[in-house]
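Coordinates in review
Residue strings, one per chain:
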Amino acid sequence: MLKKILSTSVFLSIFFTNQLFANKDIKMLDLKQQNIITISAFTATGDLEKLEDALKKGLDSGLTINEIKEAIVHLYAYVGFPKSLNSLNLFMKTVEERKSAGIKDKKGRESSPLPKDFDKDTYGAKIRAQLAGLEKDISGAPFQVFSPEIDKFLKEHLFADLFARDAIDHKTRELVTISALASMNGTQGQLVFHFGGALNTGLSKEQLQDFIKIIDKEVSSEQAQLSKLTLHKVLESRK
């Protein structure tokens, strides 16, 4: 019995020491934030093998089931239903396997119900303006003129239906979003907007610099370099 206890103690000591050293270069993002980045990134890339490990680490770090689930649901607007559904199926399997192994993960809070008179258009316009750092929402942009339909879906669905859900806050939603955009090809234009959104919802310059370190280490050095250049442009434009 004593041998078993000592063995467990040694394992835990090694585990937590490794965790400490694994994150020694990341100073401004907590473990939950670090894990939400990798979960979102691997959902976006569709790398289910790496995602499974990220999901387990996320739950171990204290992320609740509902927080992770909400992040993956949020991402379908950026990465598509197939990748989000694949990630949700894997997450469901992971939670069940941990439950069978006697691991009790916290379910977490549910999103609050929306009022019956909820005005999606008004709310979505307000949120998009806040993310952009504007007093009023954008109007008359070429894409809005060319396709009023997609502008309606952006406001009423993405920035209203999704952003109105409070299982995770807007700062976390922006961290989830930039994690996906930074991990994919051809999304630098959107990353410019959402780096700004991340800053406008409360993430700091230093946290975003740490974010790029995680993308570099866990996802892709090439994508991290592109993101670094994009972030530099965003920060320069705010001086």
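In short, a report on the structure. Quantities reported herein were computed from a predicted structural model and do not represent experimental measurements. (Residues numbered from 1 in each chain as written. Predicted model: local features only at pLDDT ≥ 70, side-chain atom pairs only at ≥ 80, totals over all residues. Heavy atoms only, no water.)

1. What about the environment of Ile39?
- Secondary-structure assignment places Ile39 in helix H2 (residues 31-45).
- With relative accessibility at 1%, the residue Ile39 sits in the buried group.
- It is 11 Å that separates the C-alpha atoms of Ile39 and Leu88, two residues lying 49 residues apart in sequence.
- If near-sequence neighbours (up to four positions away) are discounted, Ile39 is found in contact with Leu51, Ala54, Leu55, Gly58, Leu63, Ile68 and Ile72. (Helix = DSSP H or I, 4+ residues; strand = E, 2+ residues; numbered from the N terminus. Buried < 20%, exposed > 50% of the residue type's maximum accessible area, 1.4 Å probe, protein only. Contact = heavy atoms within 4.5 Å.)

2. Focus: the environment of Thr64
- Along the chain, Thr64 turns up in the loop between helix H3 (48-60) and helix H4 (65-79).
- Separated by 87 residues in the primary sequence, Thr64 and Asp151 have C-alpha atoms spaced 33 Å apart.
- Excluding residues within four positions of it along the chain, Thr64 makes contact with Leu59, Lys106, Lys107 and Gly108.

3. Considering the pattern of salt bridges
- All chains considered together, the criterion is met by 16 salt bridges.
- With its nearest N and O atoms 2.8 Å apart, the salt bridge here joins Asp105 to Arg98. In this structure, Asp105 and Arg98 share a single accessibility class: buried.
- In this structure, the salt-bridge partner of Lys239 is Glu236, at a minimum N-O distance of 2.7 Å.
- Residue class for Lys239 comes out exposed when judged on its relative accessible area of 77%.
- Overall, Glu236 belongs to the partly exposed group, its relative accessible area being 38%.
- In the salt-bridge network here, residues are joined through shared partners; they are Asp60, Arg98 and Asp105. (Salt bridge = Lys/Arg side-chain N within 4 Å of Asp/Glu carboxyl O.)

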